[in-house]
Amino acid sequence: MSASRARAEWVGFATIVIREFNRIIRIWGQTVVPPAVTATLYFVIFGSLIGRRVGSVGGYDYMQFIAPGLIMMTVITNSYGNVVSSFFGAKFGKHLEELLVSPLPNWLILCGYIAGGILRGVLVGALVTVVASIFTRLPVQHPLAIVSAVLMTSVVFSLGGFVNALFAKNFDHISWFPTFVLTPLTYLGGVFYSVSMLPHWALVASHANPILYMVSAFRFGFLGTSDVNLGLAYGIMAGAVVVMFTLALSLLNRGAGIRD
Amino acid sequence: MHALVLKNLTKTYKNGIQALKGIDLTVEEGDFFALLGPNGAGKTTAIGIITSLVNKSGGTVEVFGHDMDRELETAKSCIGIVPQEINFNLFETVHTIVVNQAGFYGIPRPLARQRAEMYLKQLQLWDRRNSIARSLSGGMKRRLMIARALMHQPRLLILDEPTAGVDIEIRRSMWEFLRKINEEGTTIILTTHYLEEAENLCRNVAIIEGGRIIERDSMANVLRKLQTETFVFNLSEARTAPPALPGFKAQMTDEHSLEVEVSKGQSLNDIFTHLSAEGIAVSSMRNKVNRLEELFMRLVDGSARAAPAAAGAPRGAATP
Ligand SMILES: Nc1ncnc2c1ncn2[C@@H]1O[C@H](COP(=O)(O)OP(=O)(O)OP(=O)(O)O)[C@@H](O)[C@H]1O
Ligand SMILES: [Mg+2]
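Residues numbered from 1 in each chain as written. Chains lettered and ligands numbered in written order. Predicted model: local features only at pLDDT ≥ 70, side-chain atom pairs only at ≥ 80, totals over all residues. Heavy atoms only, no water.

Visitor: Can you walk me through the domain arrangement of chain B in this structure?
Guide: Many descriptions give the size of an interface as the accessible area lost when the pieces come together. Examined at the domain level, chain B breaks down into domain 1 (2-224) and domain 2 (228-287). Its C-alpha centre places domain 1 of chain B at a distance of 43 Å from the equivalent point of domain 2 of chain B. (Domains from an automatic or database assignment.)

The structure is reproduced here in structure tokens:
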């Protein structure tokens, strides 16, 4: 690849990212505020009101235990939500054609949308972290684990949102998956409890849930304890990134859902 | 150099509609080319394939010698497209839309801003650069799409009905603008239902109908193929029967309007001589329809009737 082509592709990629960022800011009332409000409510209700009676989980008070889980839940839903609504909106409003007629290669278009998903996931995640630190003191044991778990999770769910948007034909289709699959998996992925508190069958079943590994790795970064084997957690996250990227790119190359 | 070469291009949509049944077409560099055809003929489908918005079912597309299957990115960067339907983000500003489009083609921001100013000014949109696209009028939206298509200065500009719903004044200024960029070297392919527009602007023409090309020639030749023209004479005094005009086919459409078909080689002078001899005064005269329109109707009509029989090659002009 020539230097000028590489430079042109960089400009194209940056343009997508800037456009995504501007979109997040332009409609901040839909993108930034609701997740922050929701997270605050969780902290107030589960953390302060109920948490006081729950006592400690894994040696930390309940608020400290759920804070990483709630941050990760925010990252997941916002990464997913950003890409699914932005990409589906572009498809529905036809301005996706601006990208499709351009010489930008598909993998770069995909990376642009992933970057948008990471931007919003991390932005809102950071906001919720700030809210959390109002309610409790969050230790930081392994910063690298925190950053890597957030980034990989954000990439996986940005890609999930992308695939969802490719298949979606109407606005119902972009809320179906988050409501019926993503939210239940997140709630059952050890956000609010340690899976070690579960009966044996539920404990085993939980290990089939990839979100458990993401939340656990992230929580390990703060608290230094984990419900699952960390090597396995990173293996699963890395595997999910590769699988989802390959899937999304091959669908995009085929033009699934976007080219007649 | 060929700007565009289509070979045996076919397209069958998922619903079974065969929109293109094998199109062969060559457009030379520098041409101003009209792609005409009735609704549903397959124009937008062909353009969709050329701009890679539609997957083809078969055939090849070459843009300035770059095969779309082998050199997709290079081919794409040669093309600018003004689509039939509005396809920008209605919630972005005019300026953002054109600058971002340049970005997707790899043009750095400072240069993109310069070009945005140039093209938005040329298309009289500079005053509205900070308006949300949704707030533009229909004609402004069309011009915005032209400005956007030019941002990467494509060698081939394809416009799919750019003047649909545009008022006469703006249409004329768009014509002038397109003529200018064509003179500066941009190859232009235009579809339109205003045949007057094609006749005015284009040097070469292809007529597509039912997914096939039924005519492909220079505009001059196509017009020459038209054997007859119909003239309408407005008579000063009312009458019921047409006057005797030996050699001409004549009829009264109402008591003041005399319609006469004039074949090639016949002279209007003869008609006037006969009318004068009978003491009939003509207050005004006009062409019944635009000439290209007339030819178009005949071709499309003829091909519709001949369609079951003529399954294959493009046919010549169907003269009546
Ligand atoms: N996305 C699609 N799915 C299925 N069929 C389609 C699709 N787009 C177009 N067609 C069909 O293909 C045929 C050609 O349509 P096309 O839009 O190419 O015509 P056109 O020449 O551009 O017409 P117009 O002058 O009305 O714009 C039509 O029969 C149309 O119904
Ligand atoms: Mg069309």
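Once you've had a look at it, read on.
Visitor: When you look at the coordination of the magnesium ion (ligand 2) in this model, what are you seeing that I'm missing?
Guide: Between any two of four tetrahedral donors, the ideal angle at the metal is 109.5 degrees; between two of six octahedral donors, it is 90 or 180 degrees. Residues and elements named next belong to chain B. Surrounding the magnesium ion (ligand 2) are the protein donor atoms Thr 44 (OG1) and Gln 84 (OE1), at 1.8 to 2.1 Å. Taken together, the positions of Thr 44 in helix 1 (residues 43-50) and Gln 84 in the loop between strand 6 (79-82) and helix 3 (94-104) put the pair 40 residues apart, joining distant regions of the chain. Classification of Gln 84 by relative accessible area gives partly exposed; the value is 29%. (Donors = N, O, S within 2.8 Å, 3.2 Å for Na, K, Ca; no water. Helix = DSSP H or I, 4+ residues; strand = E, 2+ residues; numbered from the N terminus. Buried < 20%, exposed > 50% of the residue type's maximum accessible area, 1.4 Å probe, protein only.)

Visitor: Explain the site of ligand 1 to me, please; I cannot follow it from the model alone.
Guide: Around ligand 1, a shell composed of 16 residues is seen, among which B:Asn39, B:Gly40, B:Lys43, B:Thr44 and B:Thr45 lie nearest. Residue neighbours of ligand 1 fall on chains A and B, so the site bridges chains. B:Thr45 has a polar side-chain atom sitting 2.5 Å from an oxygen atom of ligand 1. Interatomic distance of 3.4 Å between a side-chain N/O atom of B:Glu161 and an oxygen atom of ligand 1. (Near = heavy atom within 4 Å. Polar contact = N/O pair within 3.5 Å; in protein donor to acceptor, adjacent residues only side chain to side chain.)

Visitor: Can you help me understand the interface of chain B and chain A in this one?
Guide: The interface is formed by 30 residues belonging to chain B together with 26 residues belonging to chain A. Between chain B and chain A lies a buried interface of about 2500 Å² when both sides are counted; carbon and sulfur atoms form 52% of it. Ranking the residues of chain B by area buried against chain A places B:Leu53, B:Glu73 and B:Phe104 at the top, with a combined share of 28%. Where chain B packs against chain A, one counts 3 salt bridges. In this structure, B:Glu73 and A:Arg5 form a salt bridge, with 3.6 Å as the shortest nitrogen-oxygen distance. Remark: the boundary between chain B and chain A carries 11 residue pairs in polar contact (both at pLDDT 80 or more). Secondary structure elements with two or more residues in the side of chain B that touches chain A: helix 2 (72-77) and helix 3 of chain B. Looking at the side of chain B that touches chain A element by element, the count peaks at 5 residues for helix 3 of chain B. Grouping the constituent residues of the side of chain B that touches chain A by class yields 12 nonpolar, 11 polar and 7 charged. (Contact = heavy atoms within 4.5 Å. Buried area = accessible area lost by both parts, 1.4 Å probe. Salt bridge = Lys/Arg side-chain N within 4 Å of Asp/Glu carboxyl O. Nonpolar A, V, L, I, M, F, W, Y, C, P; charged D, E, K, R; others polar.)

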